[in-house]
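# Examining the three-dimensional arrangement
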Amino acid sequence: MRMTQGRVKHHVVWHCSLLSSSEHGSLLESEDGYRLQGVVVVPLGDVPCHIDYAVVADRQWRPREARATIVTPAGVREIVLRSHHPGRWEVAGVPASHLDGCHDVDLGWTPATNTVPIRRLGLEVGETASITAAWVRFPELDVVASEQRYTRLGNDRWQYRSGDYDYELVTDETTGLVLSYGDDLWRAVATSFG
């Protein structure tokens, strides 16, 4: 899915000590919608790895495409998800009925994709919503349906729950980009909001 030339770009560098990862992510806003993209550098066991990813959403923050390329010394793997209708997905061009009803995408190696439901849901402080996301797991690169729950705790704070995951997210109030993810996961160490 192509987007017209972007108008506003926001940048963030995240670091995660627990995963020994660093990431440069950006959010591009255009007339067509939004594009989250980034590069993650992370060890895969004791092997160097980097991941290039992009998620494209429409003006209502409904994801339409997600792609990731994982590069290690052993080779390159790629995954592409596309949605032509909300809640229906194709993986590598093949209909993925096990993802029916997934209205969001969650790339398991980045906090960037939390921005999509945070912006799409538009919750007021104190409100909670449950979603189902197409969760791309790492390093498996398989995709499963994931039940998730977001509660807006304050203007810039959210509670995120999914299975055993229970984290408080601090976000930039304007962009919805995560600035901190719990006490031991991602933390923004540099930002530039256009």
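Everything below is about the structure printed above this text.
First, a word on what this report is: a plain description of the structure on this page. Quick caveat, the model's predicted, so the values are computed rather than measured. (Residues numbered from 1 in each chain as written. Predicted model: local features only at pLDDT ≥ 70, side-chain atom pairs only at ≥ 80, totals over all residues. Heavy atoms only, no water.)

## Quick word on the overall build of the chain
Short version of the rule: Comment: elements are numbered from the N terminus, with helices defined as DSSP H or I runs of at least four residues and strands as E runs of at least two. A simple rule labels every residue: compare its accessible area, found with a 1.4 Å probe on the protein chains alone, to the largest value its type can have, and call it buried under 20%, exposed over 50%, or partly exposed in between. Any two residues whose heavy atoms approach within 4.5 Å are treated as being in contact. Computed by Shrake-Rupley with a 1.4 Å probe, the accessible areas treat only the displayed protein chains as cover when residues are assessed. Two residue types count as positive, namely Lys and Arg, and two as negative, namely Asp and Glu; His and chain ends fall outside the count. Here the site of a charge means atom NZ of a Lys, CZ of an Arg, CG of an Asp or CD of a Glu.
Looking only at helices and strands, the chain features 1 helix and 15 strands. Taken along its principal axes, the extent of the C-alpha atoms in the chain is 45 × 40 × 35 Å. Expressed as a percentage of its 194 residues, the buried residues of the chain come to 47%. Intrachain contacts of the chain at a sequence separation of at least 6 include 42% that bridge at least 24 residues. Surface accessibility of the chain: about 9400 Å² in total, with carbon and sulfur atoms responsible for 48%. Between the averaged position of the 19 positive side-chain charges in the chain and that of its 26 negative side-chain charges there is a distance of 5 Å.

## Points about the side chain of Arg64
Here is the rule we go by: By the criterion applied in these results, polar contacts are pairs of N or O atoms within 3.5 Å in which, for protein atoms, one can donate a hydrogen and the other can accept it, and in which residues neighboring in sequence qualify only through two side-chain atoms.
Structurally, Arg64 is set in strand E5 (residues 63–72). Residue Arg64 is classed as buried on the basis of its relative accessible area of 14%. At 3.1 Å, the side chain of Arg64 and the side chain of Asp58 are in polar contact.

## Some points on the nonpolar core
If you look at soluble globular proteins, the nonpolar side chains tend to sit buried side by side. The cut-off we apply is this: Each nonpolar core is a collection of buried residues, namely Ala, Val, Leu, Ile, Met, Phe, Trp, Tyr and Cys, held together in the definition by side-chain atoms within 4.5 Å.
Core analysis: the largest hydrophobic core is formed by 46 residues, its most contacted members being Leu81, Trp109 and Leu169. Among the elements that line this core, the one with the most residues is strand E4 (residues 47–58), at 5 residues. Residues in contact with Trp109, not counting those within four places in the same chain, are Glu23, Val40, Ile51, Tyr53, Ala68, Val136, Phe138, Leu141 and Trp186.

## Description of the environment of Trp14
As for its placement among the helices and strands, Trp14 is situated in strand E1 (residues 8–16). With 176 residues separating them along the chain, Trp14 and Ala190 place their C-alpha atoms 7.4 Å apart. A distance of 2.7 Å separates a polar atom in the side chain of Trp14 from the backbone oxygen of Val178.

## So, the side chain of Glu23
Counted only if it meets this: The term salt bridge refers to a side-chain nitrogen of Lys or Arg lying within 4 Å of a carboxyl oxygen of Asp or Glu.
As for its placement among the helices and strands, Glu23 is situated in strand E2 (residues 21–29). Buried within the structure, Glu23 lacks any salt-bridge partner; Arg35 is the closest side chain of opposite charge, at an N-O distance of 13 Å. Within the structure, Glu23 has its side chain in polar contact with the side chain of Thr110 (distance 2.6 Å).

## Remarks on the pairing of strand E9 (residues 104–107)
Keep this limit in mind: Any two strands are treated as partners once DSSP identifies two or more bridges connecting them.
Judged by which residues are buried, E9 turns out to be covered on both faces: Asp104 and Asp106 on one side and Val105 and Leu107 on the other are all buried. Pairing of E9 with strand E10 (residues 128–136) involves 4 bridges; the strand directions are parallel. Across the sheet, Val105 pairs through a bridge with Ala134, a residue of E10.

## Some thoughts on the environment of Arg152
One can find Arg152 in strand E11 (residues 143–154). Between the C-alpha atom of Arg152 and that of Glu124, which follows or precedes it by 28 residues, the distance is 6.6 Å. Discounting chain neighbours no more than four positions away, the residues touching Arg152 are Leu123, Glu124, Val125, Gly126, Glu127, Arg157 and Trp158. In this structure the side chain of Arg152 is engaged in a polar contact, spanning 3.2 Å, whose partner is the backbone oxygen of Gly154.

## What about the packing of aromatic side chains?
Given two aromatic rings, their pairing is described by the distance between the two centres and the angle made by the two planes. Our working definition: Centre distance within 6.5 Å is the pairing criterion for rings of Phe, Tyr and Trp, where only the six-membered ring of Trp is used; planes under 30 degrees apart are then read as stacked, over 60 as edge-to-face, and the remainder as tilted.
The full count for this structure, using the stated rule, is 8 aromatic pairs. Ring centres 6.0 Å apart and planes at 70° place the aromatic pair Trp109 and Phe138 in the edge-to-face group. With Trp109 in the loop between E9 and helix H1 (115–121) and Phe138 in the loop between E10 and E11, this residue pair connects regions lying 29 residues apart in the sequence. What makes Trp109 buried here is its relative accessible area of 5%. A residue is classified by how much of its surface remains accessible, and Phe138, at 21% relative accessible area, is partly exposed. Relative to Trp186, the ring of Tyr181 lies with its centre 5.0 Å away and its plane at 80°, an arrangement referred to as edge-to-face.

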